[in-house]
Amino acid sequence: MVITAITLISLAVILGLYLIKFVLKKQTPPKGVALIHGTLAAFGIIVLLIYALTTSSHHKHWDSFAIFVTAAIGGIYLFSKDIRHKKIPTWVAVVHGAIGLTGLGWILYHTTTG
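Residues numbered from 1 in each chain as written. Predicted model: local features only at pLDDT ≥ 70, side-chain atom pairs only at ≥ 80, totals over all residues. Heavy atoms only, no water.

What is the right way to read a nonpolar patch on the surface from this model?
The grouping of Met1, Phe43, Ile46 and Ile50 at the surface amounts to a nonpolar patch, some 390 Å² of accessible area in total. Tracing the backbone through its elements, the reader meets Ile50 in helix α2 (residues 31-54). Given the relative accessible area of 41%, Ile50 is considered partly exposed. (Patch = residues over 30% accessible without salt bridge, like charges linked within 9 Å, V, L, I, M, F, W, Y side chains within 5 Å. Areas by Shrake-Rupley, 256 points an atom, 1.4 Å probe, with all protein chains shown as cover. Salt bridge = Lys/Arg side-chain N within 4 Å of Asp/Glu carboxyl O. Helix = DSSP H or I, 4+ residues; strand = E, 2+ residues; numbered from the N terminus. Buried < 20%, exposed > 50% of the residue type's maximum accessible area, 1.4 Å probe, protein only.)

What follows is the structure in structure tokens.
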């Protein structure tokens with residue numbers, strides 16, 4: 001189940017790298033790609049939550065879950081700006097991406113070492 005969450009979040013990260021290119025160039029990101037990015041990330045977070053609630057493993061990945069939820073809050077803020085045709089703050093997009101990448105690295109590290 002953790003592998004499913006990692007796969008979904010990794011796909012979201014790939015799309016996020018594509019989207020950040022638009023933000024850094026001060027262009028409007030494609031809404032369809034943003035929707036798919038957010039949906040993949042949300043499903044990954046939900047799978048991780050289900051795993052944490054149902055596993056008997058000693059490492060339930062609550063720390064990774066918290067990191068991804070923090071990134072998701074930033075993503076929701078960015079998407080709300082985008083759909084209202086407001087300027088997307090570049091720094092928020094960069095921090096959102098950095099938090100998401102940190103979460104992915106964190107869960108990969110703990111999955112491969114523990």
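Teacher, can you tell me more about the confidence of the model for the protein chain here?
Note that predicted coordinates carrying low pLDDT should not be read in detail. Of all residues in the protein chain, 99% attain a pLDDT of 70 or more, and the chain-wide mean is 94. When the elements of the protein chain are averaged for pLDDT, helix α4 (residues 90-113) gives the smallest value, 94, and helix α1 (residues 2-24) the largest, 96. (pLDDT = per-residue confidence, 0-100.)

Before we go on, may I ask you to explain the environment of Ile14 in this structure?
With respect to the element layout, Ile14 can be found in helix α1. Each C-alpha atom, one on Ile14 and one on His37, is 8.5 Å from the other, the two residues being 23 residues apart in sequence.

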